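A structural walkthrough
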Amino acid sequence: MGQVFTPKYICDEIIDRLNIDISETVCEPSVGKGIFVFTLLENFKGRYTNEQIFDFVENRLFTFEIDEKINDTFKSLLVEYLFEIGYDKPLNTKNIKNV
């Protein structure tokens, strides 16, 4: 199984061009280690409250990954990221799937 991880500068350009609103539902079909997700969340940090970001992650962000180990790494990184910006509850990961 070959894997290619997207460089940060490409993610930055795509996220900037998409201009996603936090009320939208987002599906990342091949999340990997989450570079698109974390770029999007960083973009949100200047525009929305942390509570809005937490709600988005639990209710409007859907991610999929075929590599279970990488998916587990992404989940851990996401929990750590959210903790660093103030999320102190168990994260509902029902929308973060290994397929």
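Use the structure listed above.
Attention in this report is confined to the structure presented alongside it. (Residues numbered from 1 in each chain as written. Predicted model: local features only at pLDDT ≥ 70, side-chain atom pairs only at ≥ 80, totals over all residues. Heavy atoms only, no water.)

Observations regarding the side chain of Asp-67
Where we set the bar: Numbering of helices and strands runs from the N terminus, with a helix taken as a DSSP run of H or I at least four residues long and a strand as a DSSP run of E at least two residues long. Any pair of nitrogen or oxygen atoms within 3.5 Å is treated as a polar contact; in protein, a donor-acceptor pairing is required on top of that, and neighbouring residues in sequence qualify only through side-chain atoms on both sides.
Structurally, the position occupied by Asp-67 is in the loop between strand E2 (61-65) and helix H4 (68-84). A polar atom in the side chain of Asp-67 sits 3.0 Å from the backbone nitrogen of Lys-69. Of the polar contacts made by the side chain of Asp-67, one reaches the backbone nitrogen of Ile-70; its length is 3.2 Å.

What to know about the nonpolar core
Cut-off, in case you're wondering: Joining through side-chain atoms within 4.5 Å is the link that ties buried Ala, Val, Leu, Ile, Met, Phe, Trp, Tyr and Cys residues into a set, and such a set is a nonpolar core. Only protein chains enter the accessibility calculation, which uses a 1.4 Å probe. A residue is then buried if its area is under 20% of the maximum for its type, exposed if over 50%, and partly exposed in between. The contact criterion used is simple: two residues touch if any of their non-hydrogen atoms lie within 4.5 Å.
Membership of the largest hydrophobic core comes to 24 residues, with the highest contact counts inside it found for Leu-41, Phe-44, Ile-53, Phe-56, Val-57, Leu-78 and Leu-82. Mapped by element, the contributors of at least two residues to this core are helix H2 (35-45), helix H3 (50-59) and H4. Tallying contributions element by element places H2 first for this core, with 5 residues. Excluding anything up to four places from it in sequence, Phe-44 contacts Ile-20, Asp-21, Ile-22, Ile-53 and Phe-56.

Comments concerning unusual backbone geometry
One non-glycine residue, Asn-19, lies in the positive phi region at around 50°. Assignment of secondary structure puts Asn-19 in the loop between helix H1 (8-18) and strand E1 (26-28). The exposure class of Asn-19 is exposed, given its relative accessible area of 54%.

Describing the packing of aromatic side chains
Note the following rule: For Phe, Tyr and Trp, where Trp contributes only its six-membered ring, two rings pair if their centres lie within 6.5 Å, and the inter-plane angle classes them as stacked under 30 degrees, edge-to-face over 60, or tilted in between. When the NZ atom of lysine or the CZ atom of arginine is within 6 Å of a ring's centre and also within 35 degrees of its normal, the charge is said to sit over that ring.
Overall, the coordinates contain 5 aromatic pairs when judged by the stated rule. Judged by centre distance (5.8 Å) and plane angle (55°), the ring pair of Phe-38 and Phe-74 falls under tilted. Separated by 36 residues along the polypeptide, Phe-38 in helix H2 and Phe-74 in helix H4 bring together distant segments of the chain. Among the residues examined, Phe-74 registers a relative accessible area of 0% and is labelled buried. Among the aromatic residues, those joined into a ring-pair cluster are Phe-38, Phe-74 and Tyr-81. Here the guanidinium or amino end of Lys-33 rests over the ring plane of Phe-5, the centre of that ring lying 5.7 Å away.

A closer look at the packing of H1 against H2
Our working rule: Only the stretch in contact is used when a helix axis is fitted, and all axes are lines through C-alpha atoms; the angle between N-to-C directions ranges over 0 to 180 degrees. Angles below 35 degrees are treated as roughly parallel, those above 145 as roughly antiparallel, those between 65 and 115 as roughly perpendicular, and all remaining angles as oblique. Working rule for handedness: look at the near helix, and if it is turned counterclockwise from the far one by less than a right angle, call the crossing left-handed; if clockwise, right-handed. Residues are grouped as follows: Ala, Val, Leu, Ile, Met, Phe, Trp, Tyr, Cys and Pro are nonpolar; Asp, Glu, Lys and Arg are charged; all remaining types, including Gly, are polar.
Running from N to C, H1 and H2 cross one another at 50°; their axes reach a closest spacing of 9 Å. Between H1 and H2, the angle is such that the two are oblique. For H1 against H2, the interelement crossing comes out right-handed. In this structure, H1 uses Lys-8, Cys-11, Asp-12, Ile-14, Ile-15 and Asp-16 to contact H2, whose residues at the interface are Ile-35, Phe-36, Thr-39, Leu-40 and Asn-43. A class-by-class count of the residues in the contact of H1 with H2 yields 6 nonpolar, 2 polar and 3 charged.

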